[in-house]
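Here are the chains, one letter per residue:
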Amino acid sequence: MRILIAHDEAFNFTYRANIDALREIGEVEFFSPLHSDFMPFCDLLYLPGGYPELFLSEIRGNSNICRQIKSYAEQGGRIIAECGGFMYLCRDIDGEPMCDVFPFSATMENARLHLGYREYNGMKGHEFHYSDIAESHDLVHKYKNVIAGYPHWYWAETGFETLWKKLSE
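Residues numbered from 1 in each chain as written. Predicted model: local features only at pLDDT ≥ 70, side-chain atom pairs only at ≥ 80, totals over all residues. Heavy atoms only, no water.

Peer 1: Before we go on, may I ask you to explain the packing of aromatic side chains in this structure?
Peer 2: Working definition: an aromatic ring pair is given by the centre-to-centre distance plus the angle between the planes. Enumeration according to the criterion identifies 10 aromatic pairs in this entry. Between F13 and Y15, the ring centres sit 6.0 Å apart and the planes meet at 65 degrees, which makes this aromatic pair edge-to-face. According to the relative accessible area criterion, F13 is partly exposed, its value standing at 35%. The partly exposed category is assigned to Y15, whose relative accessible area is 25%. A ring pair is formed by F160 and W164, whose centres lie 6.0 Å apart and whose planes are at 40 degrees; its orientation type is tilted. Here F160 and its partner W164 are both found in helix 5 (residues 160-168), 4 residues apart, which amounts to about one turn of the helix. Each member of the pair, F160 together with W164, is buried. The positively charged end of R78 is found above the aromatic ring belonging to W164, 4.4 Å away from the centroid. (Phe/Tyr/Trp six-rings, centres within 6.5 Å; stacked < 30°, edge-to-face > 60°. Buried < 20%, exposed > 50% of the residue type's maximum accessible area, 1.4 Å probe, protein only. Helix = DSSP H or I, 4+ residues; strand = E, 2+ residues; numbered from the N terminus. Lys NZ or Arg CZ within 6 Å of the ring centre and 35° of its normal.)

Here you go:
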C-alpha cells in the first residue's frame, strides 16, 4: 500500500507514532500541497493538521493540487483528514478556494478556541483549533472514501485499519 502524507509549512501536525503505524502497513511518502506540482499516486492520502489559513495565497497559487485531490476523492480514493487537513478539503477558507470535497466554508471569523478530548465509536482523539465550519458541527464527515473532521485521532495503538473501520461506521 502506498500512503501519501501532506507535510509542509501548512500541514505539519502529526503524531510520530501514527506515522510509524502507517509505515507498518505500507510505503509512506511525503509531499507538499503548497510546493508540489502534482500529487503522487497513492492508495491512501493523509492530510494532517496544521495551519492552511496562514497560507491561503500559496494554496490559491497551487490550485492544481486542489483539483487533483478533489479528483482523487471523486474517483473513490481513500483520504483521511484532520483539523487543518479537513479545512483544506472544504469549499473555501474565508472565501479563498480550497479542494471543494466538502460543501463547507471554514472561517476564522469570530475565532475562538475549541479544545478537548473527543471519542467516536471507541476511537479517541483531541481537538485544538480556532476556526469553525458554519454549515456543520458534526465530529466526523464522510464523502465516498473520505473521512474528515477536526479531531486529531491517535491510532498508533489500535492500528490505522481499525480507525478507518470505526470512523466509517
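Read on, since the account is not over.
Peer 1: Looking at this structure, I do not really get the pairing of strand 7 (residues 90-93). What am I missing?
Peer 2: Two faces, one strand: in a regular strand the side chains alternate between the faces of the sheet. Here 3 bridges tie strand 7 to strand 9 (residues 102-107), and the two strands are oriented parallel to one another. Opposite C90, over in strand 9, you have F102 as the bridge partner. In this structure, strand 7 lies alongside strand 8 (residues 96-97), joined through 2 bridges in antiparallel fashion. Counted as the bridge partner of I93 is E96 from strand 8. From the end of strand 7 to the start of strand 8, which pair antiparallel, there are 2 residues, and D94 there has a positive phi angle of about 50 degrees. (Pairing = 2+ DSSP bridges.)

Peer 1: Even after reading the chapter, I still don't get the side chain of N18, so can you show me in this structure?
Peer 2: Within the secondary structure, N18 is located in helix 1 (residues 16-25). In this structure N18 comes out as buried when scored by relative accessible area, which is 0%. Those residues in contact with N18, other than ones at most four positions away along the chain, are W153, Y154, W155 and A156. (Contact = heavy atoms within 4.5 Å.)

Peer 1: How should I be thinking about the pattern of salt bridges in this particular structure?
Peer 2: What the rule picks out here adds up to 9 salt bridges. Linking D20 and R23 is a salt bridge whose minimum nitrogen-to-oxygen distance equals 3.7 Å. Residue D20 and its partner R23 are both found in helix 1; the two are separated by 3 residues, about one turn of the helix. On the accessibility criterion, D20 (30% relative accessible area) is partly exposed. Among the salt bridges present, the one from D92 reaches R91, with a minimum N-O distance of 3.3 Å. On the accessibility criterion, R91 (33% relative accessible area) is partly exposed. (Salt bridge = Lys/Arg side-chain N within 4 Å of Asp/Glu carboxyl O.)

Peer 1: Could you clarify how one ought to interpret the sheet that holds strand 13 (residues 141-143) in this entry?
Peer 2: In any sheet, the strands associate via hydrogen bonds between backbone groups, in a parallel or an antiparallel arrangement. With respect to topology, 6 strands assemble into an open sheet ordered 3-1-4-6-14-13, the strand pairing being mixed. Looking at the sheet topology across the chains shown, the edges are occupied by strand 3 (27-31) and strand 13. Along the sheet, successive strands turn relative to each other by an average axial angle of 15 degrees, direction set aside. Pairing between strand 6 (residues 78-82) and strand 14 (residues 146-149): 4 bridges, direction parallel. Looking at strand 14, one finds that A81 is bridged to A148. (Axes fitted to C-alpha atoms, helices over the stretch in contact; angles between N-to-C directions.)

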